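Listed below are the residues making up each chain.
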Amino acid sequence: MGFSSLAVSNHRKHTALVFICLVLILKIALVSSANQESQIYTVHLGETQHDDPKLVTDSHHDILRSLLGSKKASRESMIYSYRHGFSGFSAKLTPSQARELSEHPDVVHVTKSKNMKLATTRVSDYLGLTLSTPTGLLHDTDMGSEVIIGILDMGIWPNSKSFDDNGLGPVPARWKGRCVSVGWFNASSSCNRKLIGAKYYAKGLLAKYNGTYNAAEKNESMSPLDMDGHGTHCASTAVGSFVQNASYFGLGSGTARGSAPRARIASYKVCWKNDECFSPDMIKAIDHAIRDGVDVISLSIGSVLPIPFEVDRSDFAIAAFHAVMKGIPVVCAGGNDGPHAQTVSNVAPWLITVAATTMDREFFTPITLGNNVTVLGQESLYTGKEVGFADIVDFDNLTEDDFKAGKAKGKILFYFPSKHVDIAEYANAYGVVGVIIATRPYDSIESGTTGIPFAYVDYEIAMDILLYLQTAKFPKAKISPTKSFVGRPFSTKVARFSSRGPNSISPAILKPDIAAPGSGILAAVPSEQGYGFMSGTSMATPTISGIVALLRQKRPDWSPAAIRSALITTALQTDPFGGEPILAEGSPRSPATPFDYGGGLVNPRKVADPGLVYDMGYNEYAHYLCSAGYENKPISKLLGKTYTCPSPTPSMLDVNMPSITIPYLTEEVIITRTVTNVGPVGSVYKAVIEPPLGIKLQVSPETLEFGPNTKKITFTVKVSTTHRWNTDYLFGSLTWTDNGAHNVRIPLSVRTRLFNFKM
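Here the structure is a predicted model, which means the values were calculated and not measured.

## Observations concerning the confidence of the model for the chain
Then, in step 1: Taken as a whole, the chain shows an average pLDDT of 87; of its residues, 90% reach a score of 70 or greater.
Then, in step 2: Across residues 1–35, confidence stays below pLDDT 50; counting only partners more than four residues off in sequence or on other chains, it has zero contacts.

## Some remarks on the pattern of salt bridges
Then, in step 1: Counted by the stated rule, this structure contains 18 salt bridges.
Then, in step 2: In this structure, a network of salt bridges that share partners links the residues Arg174, Asp295 and Arg552.

## Points about unusual backbone geometry
Then, in step 1: Note the cis peptide between glycine 501 and proline 502, where omega equals 0°.
Then, in step 2: Mapped onto the elements of the fold, proline 502 is located in the loop between strand 24 (483–486) and strand 25 (514–517).
Then, in step 3: For the peptide bond that leads from serine 647 to proline 648, omega is 0°, which places it in the cis range.
Then, in step 4: Following the sequence through the fold, proline 648 ends up in the loop between helix 19 (632–639) and strand 31 (660–665).
Then, in step 5: Even without a glycine there, the phi angle at aspartate 142 is positive, about 50°.
Then, in step 6: In this structure, asparagine 739 takes a positive phi of about 65° despite not being glycine.
Then, in step 7: With respect to the helices, strands and loops of the structure, asparagine 739 is situated in the loop between strand 37 (730–737) and strand 38 (743–752).
Then, in step 8: Since its relative accessible area comes to 82%, asparagine 739 is described here as exposed.

## Thoughts on the state of the cysteines
Then, in step 1: Evaluated as defined, the whole model comprises three disulfides.
Then, in step 2: Sulfur-sulfur distance for the disulfide between cysteine 179 and cysteine 191 comes to 1.9 Å. Across the S-S bond of cysteine 179 and cysteine 191 the torsion is about -100°, and the bridge reads as left-handed. One end of the pair, cysteine 179, is in the loop between strand 6 (148–153) and helix 7 (187–190); the other, cysteine 191, is in the loop between helix 7 and strand 7 (195–200), and twelve residues separate them in sequence.
Then, in step 3: A relative accessible area of 17% places cysteine 179 in the buried class.
Then, in step 4: Note that cysteine 626 is cross-linked by a disulfide to cysteine 645, the S-S spacing being 2.0 Å. On the sign convention where negative is left-handed, the bridge of cysteine 626 and cysteine 645, at about -85° about the S-S bond, is left-handed. Pair noted here: cysteine 626 is in helix 18 (residues 618–627) and cysteine 645 is in the loop between helix 19 and strand 31, with a separation of 19 residues, a long-range link.
Then, in step 5: Disulfide connectivity for the chain, with bonded cysteines indexed by sequence position, reads 1-2, 3-4, 5-6.
Then, in step 6: The thiol of cysteine 234 is not disulfide-bonded; the next cysteine sulfur, from cysteine 271, is found 9.7 Å away.

Cut-offs applied
Residues numbered from 1 in each chain as written. Predicted model: local features only at pLDDT ≥ 70, side-chain atom pairs only at ≥ 80, totals over all residues. Heavy atoms only, no water. pLDDT = per-residue confidence, 0-100. Contact = heavy atoms within 4.5 Å. Salt bridge = Lys/Arg side-chain N within 4 Å of Asp/Glu carboxyl O. Helix = DSSP H or I, 4+ residues; strand = E, 2+ residues; numbered from the N terminus. Buried < 20%, exposed > 50% of the residue type's maximum accessible area, 1.4 Å probe, protein only. Disulfide = S-S within 2.5 Å.

Structure below.
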């Protein structure tokens, strides 16, 4: 009896324990489910399977309904349906739903929404893109009057004189886009024959804030209107109309215009203040741009590190691929994370990736010391009144109590950064009349102030000022307004901020591709002054986009890859005027390498007649994707047809890029390239090799003859190393020349790796 009672008691305890465990498990499951908050995911489906956009969207809802259980849930979940240039959608999903959806047979892959970041009166003349010659790109294309550039950025300020349509003919008949009236943006008064399209995309932004985004609070406008200036600046740099006497308070004075001053603008607002650019919004804008009929897509937007992979992680690169396969070049900023290596973004081989340089214009703020020595402050613009001789005080010699006691009031503050402080806050709070800051030059010039001058000097000049401070009994200085200087002795260098290669995803694919001026660019902004300075690869990108637009009009049969090849093979490695080598960051500065500027500085005078091009299309991109290790299914979906990678896997070294980059040379390799003749029939080219130090190169054949029936020729390059130790990258070039009429140059970058760190 006692035993039996014990057994029953234990059974009851066991039952109770099981019940408690089940309750706990249920609670954990509920908590886990609650913690799985919905986020925006983009579902990529490859090429569209229907010509009717409605049927494409219906198929997207069918996929979502199969996951979520109802049409209502599908409609509430979906953010965008991509149905014109390619097929896919963005929707609010939990991580577990996204994983389940990735297994659907029609889905290429599923990616989480990402926030991207935003990465002239002198530029065109500096590059030789002028009207003073009777021939050239501008004359041959009526300055781009028939091309349309899609600018994906922060919107547009339509009231700028740079978007005047005087003298322009009718809008190209193929244009299918439109301007949207909303909020402060009135399409009927804002758009014209210059600004022919203006829309905004904010569903990705609103989803981040769960629909609570307050545009007015953030000084934004839920419309195509640019409230920041970045989009307007980029648009006018690419295609701005002629505006005489443009300047920023007298600085940089001249005639403002874009690279293609008669081209048309389609503005797609995908970015918002505080660098908020969400991938679903960008993808939808690209989808619409393809449908609308743009000729070029320009994006001054970069990724944050680590760089996303092209096919399985980068929404933007996939959307851009579909544009490129439809013949639309996509021009992108390389990023502003330089001068560190492996920081360049937008590295997919179908993109044109742009680096930034300086040009032959500098801005200096004169600082006169009490001993009558004048030094020049750099990278700051001061347009106020001269600050007469005032006492200089060293920030490091002052305490917080000293500032509060007024010991800095009416004086010039000298600041040698030894700790992180908000020097502007000190200057404004304690009556400082000027600030001199020691810093490493960054080659970034922005619109400055009319109030307190902030003059930046490099460390060498800073040490001279510090010596004067420590030896003069009553050290004084005056700060004069900034002055601009054009021409010699200032020559081109790669801007310090410009992101550098090598490519961190596919080191055998050279990035960036090409460089253009991006430091201290004067262009239109939404301000009382009308024009302002900005710096970044964001500013270099629209310069290239405008040149690409001119090429699209002059060479309509060229593919985006052929256009990129022409940019690279005709580029300059020396200053356009002085002939000095273009330099890059170093101690001391040294000649730039392909990882700094790709092929070099864009050369509009030569780009329309390169002689030969390294073209790429369906087969070449498939070759790249196979060599990068992507599987057949996502490649097939991306290409829109069944594709099986060959066996053995092709080498990425043989992707038909207008460059040769070998990241791991251990033994002799043979590399293949194919060139297409776009010059005269009967042309004969000979190879001229500048091998990297210690690298042996043998080209076969050494002569290329393009007869009446020969349009393409394939050649090989045998590469071996004489080094007996691991080296860093060494650089050279291979040029095909037809006795000087054309010099088709591609950069070579080779690194010997006898011991490879990738096992």
